[in-house]
Amino acid sequence: MNEKQLGTFGRHAFRLIDTGNAIAKAANPQLANTFGMIRRIVDNLPPPGNYMRELQWKGAHPAVKSLLEQYNDDLAKQLANGLAEMQAIDEETAYRQLKNMDHSPTVAPGGISTAVSIPDLKVNDVQLKDWFTKGNSGLSKWAKQNFDVVNKTVQRGIFEGLATDVIASEIIQESKLAGFKGAKITGDTAAARVYRQAQNLAKTAIAEQNHQINKRVWDANKEAMEGVQYEWVATLDSKTCETCAPLDGQVRDSEDDFPAWPIHMGPCRCQVVPFDPNGPNEINVQEVSKTPFTYKGKTLDEMTKAERDVALSNGLYASKVKVN
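Analysis parameters
- Residues numbered from 1 in each chain as written.
- Predicted model: local features only at pLDDT ≥ 70, side-chain atom pairs only at ≥ 80, totals over all residues.
- Heavy atoms only, no water.
- Helix = DSSP H or I, 4+ residues; strand = E, 2+ residues; numbered from the N terminus.
- Buried < 20%, exposed > 50% of the residue type's maximum accessible area, 1.4 Å probe, protein only.
- Contact = heavy atoms within 4.5 Å.
- Areas by Shrake-Rupley, 256 points an atom, 1.4 Å probe, with all protein chains shown as cover.
- Expected span 1.5 Å × (residues − 1).
- Polar contact = N/O pair within 3.5 Å; in protein donor to acceptor, adjacent residues only side chain to side chain.
- Core = buried A, V, L, I, M, F, W, Y, C linked by side-chain atoms within 4.5 Å.
- Phe/Tyr/Trp six-rings, centres within 6.5 Å; stacked < 30°, edge-to-face > 60°.
- Lys NZ or Arg CZ within 6 Å of the ring centre and 35° of its normal.
- Pairing = 2+ DSSP bridges.
- Patch = residues over 30% accessible without salt bridge, like charges linked within 9 Å, V, L, I, M, F, W, Y side chains within 5 Å.
- Salt bridge = Lys/Arg side-chain N within 4 Å of Asp/Glu carboxyl O.
- Axes fitted to C-alpha atoms, helices over the stretch in contact; angles between N-to-C directions.
- Parallel < 35°, antiparallel > 145°, perpendicular 65-115°, else oblique.
- Left-handed = near helix turned anticlockwise from the far one by under 90°.
- Nonpolar A, V, L, I, M, F, W, Y, C, P; charged D, E, K, R; others polar.
- pLDDT = per-residue confidence, 0-100.

**Examining the overall build of the protein**
Part 1: Looking only at helices and strands, the protein features 9 helices and 9 strands.
Part 2: Out of the 324 residues belonging to the protein, those deemed buried represent 42%.
Part 3: If you take every contact in the protein between residues at least 6 apart in sequence, the share linking residues at least 24 apart comes to 71%.
Part 4: Entry remark: accessible area of the protein is about 17,300 Å², with carbon and sulfur atoms responsible for 51%.

**With respect to helix H1 (residues 3–26)**
Think of an α-helix as turning once every 3.6 residues; residues three or four places apart then point the same way.
Part 1: The end-to-end C-alpha distance of H1 is 35 Å, a good match for the 34 Å that 24 residues give at a rise of 1.5 Å each.
Part 2: Here H1 has its buried residues at Gln5, Thr8, Phe9, His12, Ala13, Leu16, Ile17, Thr19, Gly20, Ile23 and Ala24.
Part 3: Looking at the packing, one finds that the buried side of H1 touches helix H2 (28–43), helix H4 (61–100), helix H8 (190–220), strand E5 (229–233) and strand E7 (271–275).
Part 4: The N-capping residue of H1, defined by a side-chain oxygen 3.1 Å from the backbone nitrogen of lysine 4, is asparagine 2.

**Quick look at the environment of phenylalanine 14**
Part 1: Within the secondary structure, phenylalanine 14 is located in helix H1.
Part 2: Along the sequence, phenylalanine 14 and threonine 235 sit 221 residues apart, while their C-alpha atoms lie 9.6 Å from each other.

**Regarding the nonpolar core**
Part 1: Membership of the largest hydrophobic core comes to 47 residues, with the highest contact counts inside it found for Phe35 and Leu128.
Part 2: Secondary structure elements with two or more residues in this core: H1, H2, H4, helix H5 (128–132), helix H6 (141–159), helix H7 (164–169) and H8.
Part 3: It is H8 that provides the largest number of residues to this core, a total of 9 residues.

**Side note on the side chain of aspartate 74**
Part 1: Mapped onto the secondary structure, aspartate 74 falls in helix H4.
Part 2: A relative accessible area of 16% means that aspartate 74 is categorised as buried.

**Description of the packing of aromatic side chains**
Part 1: A full pass over the atoms with the stated rule returns 4 aromatic pairs.
Part 2: When the ring of tryptophan 232 is compared with that of phenylalanine 258, the centres are 5.5 Å apart and the planes differ by 50 degrees; the resulting orientation is tilted. Highlighted residues: tryptophan 232 in strand E5 and phenylalanine 258 in the loop between strand E6 (251–252) and E7, separated in sequence by 26 residues.
Part 3: An aromatic cluster is built from Tyr71, Phe132 and Trp142, whose rings are joined through pairwise contacts.
Part 4: Lying over the aromatic face of phenylalanine 147, lysine 65 brings its terminal NZ or CZ to 5.0 Å of the ring centre.
Part 5: Sitting above the plane of the tryptophan 131 ring, lysine 141 keeps its charged end 5.3 Å from the centroid.

**Section: the sheet that holds E7**
Part 1: A sheet is described by the order of its strands in space; here 3 strands give the open sequence E6-E5-E7, paired in antiparallel fashion. Of all strands in the sheet, those with a lone pairing partner are E6 and E7, marking the two edges.
Part 2: Strand direction decides the pairing type here: E5 and E6, joined by 2 bridges, are antiparallel. Residue tyrosine 230 lies in a different strand from E6, and its bridge partner there is arginine 252.

**Here's the deal with a nonpolar patch on the surface**
Part 1: Taken together, Tyr51, Met52 and Leu55 make up a surface patch of nonpolar side chains, about 360 Å² in accessible area.
Part 2: By secondary structure assignment, the location of tyrosine 51 is in the loop between H2 and helix H3 (53–59).
Part 3: Tyrosine 51 gets classed as exposed once you look at its relative accessible area, which sits at 70%.

**What about the packing of H4 against H6?**
A pair of packed helices is captured by two measures, namely the crossing angle of their axes and the spacing between those axes.
Part 1: Where H4 contacts H6, the axes come no closer than 9 Å and their chain directions differ by 130 degrees. One way to sum up the angle between H4 and H6 is to call them oblique. Taken as a pair, H4 and H6 cross one another with a handedness that is right-handed. Two secondary-structure elements touch here, H4 through His61, Val64, Lys65, Leu68, Glu69, Tyr71, Asn72 and Leu75 and H6 through Trp142, Ala143, Asn146, Phe147, Val150 and Asn151.
Part 2: Of the residues assigned to the contact of H4 with H6, the class counts are 8 nonpolar, 4 polar and 2 charged.

**A look at the pattern of salt bridges**
Part 1: Tallying each qualifying case throughout the model produces 10 salt bridges.
Part 2: Among the salt bridges present, the one from arginine 96 reaches glutamate 92, with a minimum N-O distance of 2.4 Å. One end of the pair is arginine 96 and the other is glutamate 92, both in helix H4 and 4 residues apart, which spans about a single turn.
Part 3: Lysine 144 serves as the salt-bridge partner of aspartate 148, at 3.5 Å between the closest nitrogen and oxygen. On the criterion of helical spacing, the pair formed by aspartate 148 and lysine 144 is a turn pair, its members being 4 residues apart in helix H6.

**Overview of the confidence of the model for the protein**
Part 1: When the pLDDT values of the protein are averaged, the result is 83; 85% of them are 70 or greater.
Part 2: A low-confidence stretch, residues 284–289 (pLDDT under 50), is modelled with 11 contacts involving residues beyond four sequence positions or located in other chains.
Part 3: A low-confidence stretch, residues 315–324 stays under pLDDT 50, and its non-local contacts, those more than four residues away or across chains, total 19 contacts.

**Quick look at unusual backbone geometry**
Part 1: Cis rather than trans, the peptide bond between tryptophan 261 and proline 262 has omega equal to 5 degrees.
Part 2: Along the chain, the position of proline 262 falls in the loop between E6 and E7.
Part 3: Phi at aspartate 102 is positive, roughly 60 degrees, even though this residue is not glycine.
Part 4: Checked against the element boundaries, aspartate 102 lands in the loop between H4 and strand E1 (122–123).

Following this line, the structure appears as structure tokens:
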């Protein structure tokens, strides 16, 4: 992968993550409204020790599920808007990567159908539409997952004999600003956990669409892809998981020889990037040094801290690994 491709990959990887976060954030007003109303339901439960407490909560289940479906519908709408917005950007980026390795696409942008419908997308091996479509239980998979979060929060509070207002505060936190009541989607409340799950769901759907659009662009430009190889590129930092990190830098003759990406739900920031191994601008990996570096007869391990500081301050560096 050459320097231009690396730059394009980096910018687009962050754009994908930002778009996923923006989708989840756009549905936050409905999330706050939904969980604020659920909080009021919980706030009206009998106090600890009242035998009707759990029965009253079970009786409130239909109302809670109905409220969660409202958030379900709004997040689905925001997700559809975000996916539609990213389609043209994903396509343009896929074409740019071909041009970055000096390969001329045989089909121009817009010349193929890169529109990826929601039924074509899968998140965690579940079709995206099935996350938001009501099933036999009357709840969508997404709403059911959120109901489980709420129900477990309340049931645990009842079992532990917590005060009703304490249980309610674990649903969503209230805030007061300039005399107006509001809600904070922070901490370890049920609302905050659902928000983080929404971010993961949205980012995974965005990454999956990007993958499918790339494949369609590559398939439509087979002549331009002649002699091309594929490199797995992971965003390496403290958040990189143990599944993705070892794949970084691996090269295959076919994209299909790699695992399907994104590998996991959540912020999987990996992509497979085509590159020309014989390209004039290709970054080659070279061995820096095969023998241990010494300074005044000592290796780095044998030096004191003061001696290492002097050696390194003079621009003398050593590396036992291959670097770009």
